[in-house]
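Spelled out, the chains give:
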Amino acid sequence: MVYRCELKKLLFDPVLLGFAALCLLVNAVLVCASYGVYRAHFAAAAELRAGFAEASGAAAGAYAVDTAGAAASGAAGGESVDDIFDNFDTNWISERYIARHGLSGAYAENVREKYRLLQAAVDEKGLNDAGLSPYFGYGTADLHALLFKYLFGALAVESGLIALFAALLSLGYENLRGTEGIVCASATGRGILLRKLFAALTAAAAFFAVLLGATLALYFLRFDYSAVWNDNVSSLYNHAVDDYFKPLITWSDFSVGRLVRACAGMTAGLVLCFALLGFAVGAFIRSGYGAVLASVGLCAAMFVAEPLFPCGGVLRGLANLTPVQLLVNIGDWFTDGFADILWRDFERRGLALSASLLAAASAAAALYFKRRDLT
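This structure is a prediction, so every number in the text was calculated from the model and none was measured. (Residues numbered from 1 in each chain as written. Predicted model: local features only at pLDDT ≥ 70, side-chain atom pairs only at ≥ 80, totals over all residues. Heavy atoms only, no water.)

## A word on the packing of helix α1 (residues 2-11) against helix α9 (residues 193-222)
- Direction vectors running N to C along α1 and α9 enclose 40 degrees, while the axes themselves pass 8 Å from each other. Considering the angle they form, α1 stands oblique to α9. Every pair of crossing elements has a handedness; the one defined by α1 and α9 is right-handed. On the side of α1, the interface is formed by V2, Y3, E6, L7, K9, L10 and L11, while α9 contributes R195, K196, F198, A199, A200, T202, A203, A206 and F207. (Axes fitted to C-alpha atoms, helices over the stretch in contact; angles between N-to-C directions. Helix = DSSP H or I, 4+ residues; strand = E, 2+ residues; numbered from the N terminus. Parallel < 35°, antiparallel > 145°, perpendicular 65-115°, else oblique. Left-handed = near helix turned anticlockwise from the far one by under 90°. Contact = heavy atoms within 4.5 Å.)

## Here we look at unusual backbone geometry
- The phi angle at N87 is positive, at roughly 60 degrees, despite the residue not being glycine.
- Mapped onto the elements, N87 comes out in the loop between β2 (78-82) and α4 (91-101).
- Given a relative accessible area of 81%, N87 falls into the exposed group.
- Positioned with a positive phi, D129 is a non-glycine residue whose angle comes to about 55 degrees.
- Among the structural elements, D129 can be located in the loop between α5 (105-128) and α6 (140-176).
- Relative accessible area serves as the criterion here: at 31%, D129 is assigned to the partly exposed category. (Buried < 20%, exposed > 50% of the residue type's maximum accessible area, 1.4 Å probe, protein only.)

## Looking at the side chain of T335
- Position of T335 relative to the elements: it lies in the loop between α13 (323-328) and α14 (346-371).
- Note on T335: relative accessible area 5%, which makes it buried.
- Side-chain polar atoms of T335 contact the backbone oxygen of D332, separated by 2.7 Å.
- Excluding its chain neighbours within four sequence positions, the residues that come into contact with T335 are L248, I249, T250, W251 and F346. (Polar contact = N/O pair within 3.5 Å; in protein donor to acceptor, adjacent residues only side chain to side chain.)

## Let's talk about the environment of R286
- Positionally, R286 belongs in the loop between α10 (256-284) and α11 (288-305).
- Separated by 83 residues in sequence, R286 and F369 place their C-alpha atoms 9.0 Å apart.

## Some remarks on the nonpolar core
- If you look at the biggest cluster of nonpolar residues, it comprises 96 residues, and the most contacted ones within it are L147, F148, F152, Y225 and W333.
- Top element by residues in this core is α10. It accounts for 17 residues.
- When sequence neighbours within four positions are dropped, the list of residues in contact with F148 reads Y135, V256, L259, V260, C263, I330 and G331. (Core = buried A, V, L, I, M, F, W, Y, C linked by side-chain atoms within 4.5 Å.)

## Topic: the packing of aromatic side chains
- Applying the stated criterion to the full structure yields 16 aromatic pairs.
- Between Y219 and F220, the ring centres sit 5.2 Å apart and the planes meet at 90 degrees, which makes this aromatic pair edge-to-face.
- The class for F220 is partly exposed, based on a relative accessible area of 24%.
- Put simply, the rings of Y135, F136, Y219, F220, F223, Y225 and W229 pair up and form one aromatic cluster.
- One residue, R258, lies across the ring of F254, its end atom 4.2 Å from the ring centre. (Phe/Tyr/Trp six-rings, centres within 6.5 Å; stacked < 30°, edge-to-face > 60°. Lys NZ or Arg CZ within 6 Å of the ring centre and 35° of its normal.)

## Focus on the pattern of salt bridges
- Inspection of the entire model under this criterion finds 15 salt bridges.
- Note that E109 is salt-bridged to R112, the shortest N-O span being 4.0 Å. With E109 and R112 both in helix α5 and 3 residues apart, this pair spans about one turn of that helix.
- With a shortest N-O distance of 3.6 Å, D340 and R316 are connected by a salt bridge. (Salt bridge = Lys/Arg side-chain N within 4 Å of Asp/Glu carboxyl O.)

## So, the confidence of the model for the protein
- When pLDDT is averaged along the protein, the result is 85; 82% of the residues meet or exceed 70.
- Here residues 57-79 scores under 50 on pLDDT; set against residues more than four positions off or in separate chains, the count is 42 contacts. (pLDDT = per-residue confidence, 0-100.)

## A word on the side chain of K125
- Mapped onto the fold, K125 is located in helix α5.
- By relative accessible area, K125 is classed as buried at 1%.
- Among the polar contacts made by the side chain of K125, one reaches the side chain of D253 at a distance of 3.1 Å.

Structure below.
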């Protein structure tokens, strides 16, 4: 009964409902405003895909691409283009990062080591002809960034904020209304936190499901992905979202559909992390307004801490595993990232580490709350 009451307070809270509605409106505007980008590329991409289909029966490992960029064709006038991952050497990427950031010693070696490990993934892409997926042709990079950086980035920020403030609202409800002393006067009242946590997690999951489902439904109704759903995202027409000089290199092969599911799962994990963060802070700090300020301060600290450490160093690599930095690097999930991201699957490692530490902090905060003097 207590759990149901706590959950009802959150699901029908006017502030959370209003913010969720505003988020849906923002996402709808983002999708509709970007439709012009899609229309500009879709016709050319369909023609290019048809040319790829014709060429696939004519030659293995190479396709003809019109030099004017209008279509791919096996006919005369086309120019043969091989898979970009054939004989691709990742060392030049590491050396370019080292030169860009002026790295030396252990910092430079850390970057080289990551790209030495990446070579095996690149060789596998070459064997699988991953780069020969047409995707959206010359519009691939724009549309890939739209979905996997901007749209998923908006969803992650919105859902994370709702989860954070749902937990803070649940924990600070009695304090804000002056009923904390009455509720927590008994042992049962002191043990209410677990129910509040479950209610906050359920509410966060519900709001996230609505935001994700409604936004992606609108996106895929507006943008036709039926032809590219199984294409490899490491297409020769794609490049890293924030570093145009290199192709988009994932540690394992990802189709468009698989990457959508993986990003949705990662975003759900971040929602869990922000709910745990709000719970831990709300249980430690008695004042509701103080808890909000502390939460915002912690998020700001995660954001500004990363550039304080040297690029290529382990401390900077660890700073990139925090929930806020995972949000910042959302366009590079499942890829090699930048010089300051040192480990394969940094996003999954960061999510596991953040969730574990925040769960431990939540448990410590709950124990502290049971013994706290509320007078």
